[in-house]
Amino acid sequence: KILWESSIEQLQCKSPLGIMGEQPIFSTRAHVFQIDPNTKKNWVPTSKHAVTVSYFYDSTRNVYRIISLDGSKAIINSTITPNMTFTKTSQKFGQWADSRANTVYGLGFSSEHHLSKFAEKFQEFKEAARLAKEKSQEKMELTSTPSQESAGGDIQSPLTPESINGTDDERTTPEVTQNSEPRAEPTQNALPFTHSSTISKHWEAELATLKGNNAKLTAALLESTANVKQWKQQLAAYQEEAERLHKRVTELECVSSQANAVHTHKTELNQTIQELESTLKKKEEEIERLKQEIDNARELQAQRDALTQKLQEVEIRNKDLEGQLSDLEQRLEKSQNEQEAFRNNLKTLLEILDGKIFELTELRDNLAKLIECS
């Protein structure tokens, strides 16, 4: 079974889409990233643009995988195990660690909805993988023989694929157990000699097969031990990175408190600016009003100057009229004086005329008397 699974893994490495019977069950589009293998800190984009990321189900092995292709190149080929965890690091970005590939994958989505849907599917298929693993272990326990015969040495218990390849969080070293119970041998009365010989050959062949498997498992055990040391180093590096990130979070929290103070100060400044803008607007309105008043005052000044000029003209004309009136008064006075003198002369003439008339009357009377006397 282990050899068969190993050949399956080799086929999957050659063909990212997997073996026959593996079908896509959910697909989405995202930008794919991998953690920098040197620094273990920075993200390295593995696709220039958004690519299709799909969940695949292998019905023959009952496993789930995440696969993404950029052209003909497989940029994601990750088998989901029960110990994997998909983490949302932001509203549009999520990541998970794949210890088999010895990397951390990151996906950048176009919206938070796509990220949530991908995370839900990850949790769903992770749970399905856990149930499948439990069923597989139960099936192996039921189908395995209770004891095996040991010839000249102990036989190691078979290792599961999970114990060979390890889990995502930490691969543990499989334990080597001894089979202490001897296999029950059939009696001569129950089986014929020929049948017993056939069974003996069968068990010898099976023992040789188990020895070969034991050697392969030992090599896998050594490799797993080396991988455990490597993963312990990676775990220490991740712990250092976690401490650094914790310090960074603390610094960001301090910066956030300062940012809150800056935000409060900014709010106060905005209020002050609004008040100043309101005051400036009032001043501008007052300036406009004063400009209108100045324009009105200029118009009134112009009217005043025009009226003053007219008044001066009227005063000059009044002076001319006063001079003319004075002349007329003088002429009138002179005329009155002349009329008075003419009246006086006329009166004198009338008095003289009256005297002459009286004398003529006396003369007429005297003449009349002389006529009568004569």
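Residues numbered from 1 in each chain as written. Predicted model: local features only at pLDDT ≥ 70, side-chain atom pairs only at ≥ 80, totals over all residues. Heavy atoms only, no water.

The chain is annotated in an unreviewed UniProt entry as Homer protein homolog 1 from Chelydra serpentina. UniProt, in the comment section headed Sequence similarities (unreviewed entry), describes the chain in these words: "Belongs to the Homer family." (UniProt positions renumbered as here; feature names shortened; annotations may be inferred.)

(A) Region of the structure containing unusual backbone geometry. The backbone of Lys-40 shows a phi angle near 60°, a positive value even though the residue is not glycine. Position of Lys-40 relative to the elements: it lies in the loop between β1 (22-35) and β2 (43-45). Located in the positive-phi region is Asn-102, a residue other than glycine, with phi close to 55°. Positionally, Asn-102 belongs in the loop between β7 (93-98) and β8 (103-108). (Helix = DSSP H or I, 4+ residues; strand = E, 2+ residues; numbered from the N terminus.)

(B) Local environment of the packing of aromatic side chains. Scanning the model with the defined rule gives 14 aromatic pairs in all. Taking the centre distance of 6.1 Å and the plane angle of 50° together, the rings of Trp-96 and Phe-122 count as tilted. Residue Trp-96 is found in strand β7, and its partner Phe-122 is found in helix α2 (residues 112-143); the two are separated by 26 residues along the sequence. Taken individually, Trp-96 and Phe-122 each receive the classification buried, so the pair is uniform in this respect. By way of ring pairs, the aromatic residues Phe-26, Tyr-55, Tyr-57, Tyr-64, Phe-86, Trp-96, Tyr-105, Phe-109, Phe-118, Phe-122 and Phe-125 are connected into one cluster. (Phe/Tyr/Trp six-rings, centres within 6.5 Å; stacked < 30°, edge-to-face > 60°. Buried < 20%, exposed > 50% of the residue type's maximum accessible area, 1.4 Å probe, protein only.)

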